[in-house]
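So you can see what is in the structure, the chains are spelled out below.
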Amino acid sequence: MSNQPTIEEIVSLCKRRGFVFPSSEIYGGFAAVYDYGSYGVELENNIKKAWWKYMVQVREDIVGLDSSIFMSPRIWEASGHVGGFSDPLAECKKCHARLRVDHLLEEAGVMADEKMSEEEINKLFSENKAKIKCPTCGAQDFSDVKKFNLLVKSNLGNFTEDWNKEPVYLRGETCQGIYVNFKNVLDSSRVKIPFGIAQVGKAFRNEITARQFIFRTREFEQMEMQYFTNPADEMTAYEKLREYRWNFYLAELGFKAENLKWHQHENLVFYAKEAYDIEFNYPFGFKELEGVHARGDYDLTQHTKFSGKELSYTDPFTNEKYIPHIIESSVGVGRTVLAAICDAYTQEETAGGEKRVVLKFKPSLAPVKVAVFPLMKNKPELVAKAKEIFDVLKMEFMCEFDDNGNVGKRYRRQDEIGTPYCVTVDFESLEDGAVTVRDRDTMTQERIKIAELQKYFGEKLK
Ligand code: GAP
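Residues numbered from 1 in each chain as written. Predicted model: local features only at pLDDT ≥ 70, side-chain atom pairs only at ≥ 80, totals over all residues. Heavy atoms only, no water.

Details of the sheet that holds strand β23 (residues 445–449)
Thinking step 1. Reading across the sheet, the five strands line up as β20-β19-β21-β22-β23 and stay open at both edges, with mixed pairing between neighbours. Unpaired on one side and paired on the other, β20 (399–401) and β23 mark the two borders of the sheet. Across this sheet, the average inter-strand angle for adjacent strands is 25 degrees, counted without regard to direction.
Thinking step 2. Pairing of strand β21 (residues 421–425) with strand β22 (residues 434–439), which is carried by four bridges, proceeds in the antiparallel orientation. Within the sheet, the bridge partner assigned to Tyr421 lies in β22 and is Asp439.
Thinking step 3. Helix-sheet contacts for helix α14 (residues 407–417) involve β19 (370–374), β20, β21, β22 and β23, and the interaxial angle to β19 is about 170 degrees. (Pairing = 2+ DSSP bridges. Helix = DSSP H or I, 4+ residues; strand = E, 2+ residues; numbered from the N terminus. Axes fitted to C-alpha atoms, helices over the stretch in contact; angles between N-to-C directions. Contact = heavy atoms within 4.5 Å.)

Okay, structure coming up:
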């Protein structure tokens, strides 16, 4: 039985079990935006918690930040987003689908460089048109390619005075808030170079084609860490960061090594020293999960130029003065949620010949850690005992009380949510003070004394 799910199976499971819903569904949906349901939000939070612990809490050299979504529009000019943050767009003349030309070229085995001008990409596109079909209708007739800016514009301020004077933008990436707070952090905390600033927050992009579920959305969350180094130490720090980030997926999220690989960028932007992506084996192939990039002094130099404020650093021991070089780790929460679900997704046949789908999450990621059932819902004494156990365990672990359907059905449901342990209270429990604990992965069951459950789960879920 194949354990590589299709994207349709993942979308269906996410909707059916309350992980992810299409946004504004009762109004016919809203393209490329998604809502997270009760289990989705638990999974998201567990991922963000693991990231924060790994990137901030256990690191003496990294501090946190929560910068605003609205920022001065000058920031987006300095960063190059106003002038150059664009994707090449063409329209299918038959079905009018709007298509990312670099993606169409890539699928046809032709690499497009993101620095290419509109003229250059038009030339490359027309040279390869014979190999390209519209993914929606199969036609081969396309409009000219236009570069389409991805920044999302908004209005802010007093309607009569400020609107339309100049656009403000919803932030296109969270790291710009980090760069512009570099001096504030330096002056207010006890950090010295090398040090990092980390933040988790929303970003917004006018993505052209957003077809791959929560892989590419117009509103998404990023977990970014920018590490400020002496120019001489940039590449050593970069190699360390690459190794550190790779281990995050294996050790902290429990992903399978075969689902991850490195991809080195061949066409670097002019300021970058080196750029690698960690790719995950999604149902539609290996695609970027995270970027780990060495950005040189570009960011702080640009913000110095545009703000007029010097963003250099003077080493307190050597008096050496320099613009710090930055290495970054940047990953989307949604892409990690999707990777976690795909990595955990397992289809099995039980000894009894029954098929089951189970999300074998690392317990720390599982949305629910323990589900508590009374064997029968119409036996008040069983329900009362199960509630009593639930009320104790819920103070320590994310728990769920479930008395719907029969126990077999509850197991199937909890398997699809990825709950590591189920506790069943039966008639014997009322006599011997013990319950049946069922393990999600092995499906083995053991009797555990009710008084020992907290200790038992404390150890199992450590
Ligand atoms: N600060 C660098 C930066 O933002 P990026 O490659 O554009 O670089 C970094 O984005 C990460 O953010 C990606 O690796 C991906 O995980 C996530 N990401 C980017 N665009 C996304 C989108 N439209 N939807 C979901 N996640 C996205």
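So that's the structure; there's more coming.
Description of the domain arrangement of the chain
Thinking step 1. Domain assignment breaks the chain into domain 1 (7–83 + 151–343), domain 2 (86–149) and domain 3 (368–460).
Thinking step 2. Here domain 1 and domain 3 have C-alpha centroids that lie 39 Å from each other.
Thinking step 3. Counting residues at the interface gives seven residues for domain 1 and eight residues for domain 3.
Thinking step 4. Among the residues of domain 1 in contact with domain 3, Arg17, Tyr39 and Glu42 are the three that bury the most area, contributing 71% of the side total.
Thinking step 5. One can count two salt bridges joining domain 1 with domain 3.
Thinking step 6. Linking Arg16 and Glu416 is a salt bridge whose minimum nitrogen-to-oxygen distance equals 2.8 Å.
Thinking step 7. Among the elements that make up the side of domain 1 that touches domain 3, the one with the highest residue count is helix α2 (residues 38–57) (three residues). (Domains from an automatic or database assignment. Buried area = accessible area lost by both parts, 1.4 Å probe. Salt bridge = Lys/Arg side-chain N within 4 Å of Asp/Glu carboxyl O.)

What about the sheet that holds strand β6 (residues 146–149)?
Thinking step 1. Sheet architecture is open: three strands sit in the order β5-β4-β6, paired in antiparallel fashion. Looking at which strands have only one partner, the edges of the open sheet turn out to be β5 (98–100) and β6. Going across the sheet, the axis of each strand differs from the next one's by a mean of 50 degrees, ignoring polarity.
Thinking step 2. Pairing of strand β4 (residues 86–91) with β5, which is carried by three bridges, proceeds in the antiparallel orientation. Within β5, the position partnered with Glu91 by the bridge is Arg98.

Focus: the packing of aromatic side chains
Thinking step 1. The full count for this structure, using the stated rule, is 28 aromatic pairs.
Thinking step 2. Here the aromatic cluster, defined as three or more aromatic residues joined through ring pairs, consists of Tyr54, Phe215, Tyr244, Phe248, Tyr249, Phe255, Phe280, Tyr282 and Phe284.
Thinking step 3. The ring of Phe286 carries Lys261 above its face, with NZ or CZ at 4.5 Å from the centroid. (Phe/Tyr/Trp six-rings, centres within 6.5 Å; stacked < 30°, edge-to-face > 60°. Lys NZ or Arg CZ within 6 Å of the ring centre and 35° of its normal.)

Quick look at the pattern of salt bridges
Thinking step 1. Across all of its chains, the model carries 33 salt bridges by this definition.
Thinking step 2. For Lys48, the salt bridge is made with Glu221, and the minimal N-O distance between the two is 3.0 Å. You can see Lys48 sitting in helix α2 and its partner Glu221 sitting in strand β10 (residues 219–229), a full 173 residues away along the chain. Glu221 shares its class with Lys48; the two are buried.
Thinking step 3. Note that Lys321 is salt-bridged to Glu310, the shortest N-O span being 3.2 Å. Pair noted here: Lys321 is in strand β15 (residues 321–322) and Glu310 is in the loop between α11 (298–307) and β14 (313–314), with a separation of eleven residues, a long-range link.
Thinking step 4. When its relative accessible area of 45% is taken as the criterion, Glu310 is described as partly exposed.
Thinking step 5. When salt bridges with common partners are traced through the structure, they connect Glu348, Glu354, Arg356, Lys360, Arg412, Asp415 and Arg438 into a single cluster. (Buried < 20%, exposed > 50% of the residue type's maximum accessible area, 1.4 Å probe, protein only.)

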